[in-house]
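# Structural features, examined
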Amino acid sequence: MYIPRTLTSKLKRLFSVFPVVVITGARQVGKSTLLAHTLGKNKNTDTVVFDPVLDVGNARQDPELFLNNRRPPLILDEIQYAPELVPVIKRRIDQDRSPGQYILTGSQQWGVLRSVAESLAGRAVFLDLEAFSLAEAANMSDGTWLQNWLADPVRFFHKGVQRLKLKHTLYEQLWRGFLPEAQFLPLDTIPDFHTAYQRTYIDVMFDC
């Protein structure tokens, strides 16, 4: 089940204006899922998911040839595993500043992504995707109360404030946390899910 994200409209708007959009965020917050249900639905958009072991499409060995074989719009998922592509993208953007060319995603907001920010300065915009907000967990597709108030304060006050219709009780929601996958798991498996997340992500981060 896909729950719409509040960043969807902003993502589409930015991609219609800028040549590169970079989406960052921790693992399992839904970056790939967001793209699959939005811009990835476009039949003309190709998606490549990079791997820490396999050199997908020889992107690391020959980044020029890799991009020659894949025309924009192009989604490059987990770009930290193919950093050799970044300078090539920079050169291509310098030659053609047309909007809507590349979307890069990364699960690490340091190291490689720092070099992405430096290399694509002035050429890309950045979006930080976090875990679900309460409004997203309640599947409120019409935006948060703050967004609605800023957009139209008069209509907001006439409409009144509505309580969030959470699928779970507040206490259960706090127990589950706000990572997307945790919303659909059996309640008794939640501790195992978070333990696995910690071992495969947080512990690895500190080992590095």
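Quick note: structure is the one above.
Residues numbered from 1 in each chain as written. Predicted model: local features only at pLDDT ≥ 70, side-chain atom pairs only at ≥ 80, totals over all residues. Heavy atoms only, no water.

### Examining the overall build of the protein chain
Inclusion rule: Runs of H or I in DSSP of at least four residues are treated as helices and runs of E of at least two as strands, each being numbered from the N terminus. Buried residues are those whose accessible area, probed at 1.4 Å on protein chains only, stays under 20% of the maximum for their type, while exposed residues exceed 50% and partly exposed ones sit between those limits. We call two residues in contact whenever any of their non-hydrogen atoms come within 4.5 Å of each other. Each accessible area is a Shrake-Rupley result for a 1.4 Å probe, and residues are judged covered by the shown protein chains and nothing else.
For the protein chain, the helix and strand inventory stands at ten helices and five strands. Within the span of the protein chain, comprising 208 residues, buried residues form 38% of the whole. Contacts in the protein chain between residues at least 24 apart in sequence constitute 71% of all its contacts with a sequence separation of at least 6. Just so you have it, the protein chain exposes about 12300 Å², and 55% of that area is on carbon and sulfur atoms.

### Topic: the side chain of R5
The criterion, for reference: A 3.5 Å cut-off defines polar contacts: any pair of N or O atoms within that distance qualifies, except that in protein one atom must be a possible hydrogen donor and the other a possible acceptor, and neighbouring residues in sequence count only when both atoms are side-chain atoms.
Residue position: R5 is located in the segment before α1 (8–15). You can call R5 buried: its relative accessible area is 7%. One polar contact links the side chain of R5 to the main-chain carbonyl oxygen of E130, over a distance of 2.6 Å.

### Here's the deal with α1
Worth spelling out the cut-off: When we speak of the arc, we mean the arc of directions from the helix axis to the C-beta atoms.
Here α1 has its buried residues at T8, L11, L14 and F15. Taken around the axis of α1, the buried residues stretch over an arc of 135°, which confines them to a single face. Looking at α1, the residues exposed on the side facing more than 90 degrees away from the buried face are S9 and R13. Tucked inside the fold, the buried residues of α1 contact β1 (20–24), α2 (31–36), β4 (102–106) and β5 (124–128).

### A closer look at the sheet that holds strand β2 (residues 46–49)
Worth spelling out the cut-off: In this description, strands pair whenever DSSP reports at least two bridges between them. As a rule, the C-alpha atoms of each element are fitted with a line to give its axis, helices using only the stretch in contact, and angles between N-to-C directions run from 0 to 180 degrees.
In spatial order, the strands read β2-β3-β4-β1-β5; together these five strands make up an open sheet with parallel pairing. The open sheet has two free edges, formed respectively by β2 and β5, since each of these has just one partner strand. Taking each pair of neighbouring strands and ignoring which way they run, the sheet shows an average axis angle of 15°. Bridge analysis of β1 against β4 gives five bridges, and the strand direction is parallel. Bridge pairing in β4 places V20 opposite Y102. Helix α4 (residues 85–95) rests against β1, β3 (74–77) and β4 of the sheet, and its axis sits at about 155° to β4.

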